[in-house]
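Chains, contacts and geometry: an overview
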Amino acid sequence: MSEGVEWALHSCVNLAWAGPGRAVPAARLAAWHDLPAAYLNKQLQALARAGIVTSTPGPRGGFRLARPLAEITLMDVVAAVEGTEEAFRCTEIRQQGPGGAPVADDGPACAIAHAMNRAELAWRQALAAEDLDGIRRRAELQAPHAASRLRAWLAAGAADRPPGGGRPTARPTDLDN
């Protein structure tokens with residue numbers, strides 16, 4: 001999984017903390033965690049195509065959540081950023097080389113493909129069962145002031161750094177589980 005998934009997940013929580021009426025530019029979201037704005041913007045555009053966020057153009061534009069965090073699952077974000085293709089694709093190498101043997105059309109599925117498909121299904125189900133509101137709640141327990149620090153930093157204006165300079169006071173680890 002690419003780092004874009006992590007960035008997109010953090011951005012969704014940060015947009016919730018920013019408030020429903022506030023559009024936050026990709027550059028501001030990126031600056032909060034010292035990320036490359038152009039790359040984060042690509043992740044945000046993927047979220048917009050998936051209907052997870054909306055994008056408003058113009059000088060007061062930016063990104064907002066399109067629906068409440070409770071209606072966005074980890075799987076929604078992963079699928080938006082990474083796509084929906086299966087991670088494992090069996091190419092039937094058991095039929096190739098000196099050890100290969102043809103498999104009848106009604107023969108058993110490859111044991112490895114079967115195991116990998118079961119594991120991927122369990123992974124996808126676990127991601128689909130976890131919504132971002134639960135993530136937000138756990139993040140607020142771990143870092144009780146992260147949301148208010150973000151809102152204050154956004155309200156401080158157009159500077160990419162918090163008042164007093166330096167890195168933002170909420171570190172990327174504020175949202176880690």
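See the structure above.
A brief structural summary. All figures in this text were calculated on a predicted structure; none of them were measured in a lab.

For the rest of this paragraph, the subject is the packing of helix α4 (residues 74-82) against helix α5 (residues 111-128). Relative orientation and spacing of two packed helices are given, respectively, by the angle between their axes and the distance between those axes. Between α4 and α5, the shortest axis-to-axis distance is 6 Å and the interhelical angle comes to 115°. Facing Leu74, Met75 and Val78 of α4, the residues of α5 in contact are Trp123, Arg124, Leu127 and Ala128. Residues of the contact of α4 with α5, tallied by class, amount to six nonpolar, no polar and one charged.

Glancing now at the pairing of strand β2 (residues 62-65). The sheet contact formed by strand β1 (residues 53-56) and β2 spans four bridges and is antiparallel. When the bridges of β2 are listed, Thr54 appears paired with Arg64. The hairpin turn running from β1 into β2, its antiparallel successor, is five residues long, and Gly58 in that turn takes a positive phi close to 105°.

Glancing now at the layout of surface pockets. Gaps left between atoms show up when a probe the size of a water molecule is rolled over them. For the second largest pocket, the calculated volume is near 190 Å³. In terms of lining residues, the second largest pocket is bounded by Met1, Val78, Glu82, Gly83, Thr84, Glu85, Glu86, Ala87, Arg89, Glu120, Trp123 and Arg124. A total of three residues in the lining of the second largest pocket trace back to one element, the largest contributor, which is α5. Class assignment for the residues of the lining of the second largest pocket results in four nonpolar, two polar and six charged.

Criteria and cut-off values
Residues numbered from 1 in each chain as written. Predicted model: local features only at pLDDT ≥ 70, side-chain atom pairs only at ≥ 80, totals over all residues. Heavy atoms only, no water. Axes fitted to C-alpha atoms, helices over the stretch in contact; angles between N-to-C directions. Helix = DSSP H or I, 4+ residues; strand = E, 2+ residues; numbered from the N terminus. Contact = heavy atoms within 4.5 Å. Nonpolar A, V, L, I, M, F, W, Y, C, P; charged D, E, K, R; others polar. Pairing = 2+ DSSP bridges. 1 Å grid on protein atoms, 1.4 Å probe; cavity = no way out; pocket = protein on both sides within 12 Å on 5 of 7 lines; lining within 4 Å. Points joined across faces, edges and corners; volume = space filled by probe spheres on them.

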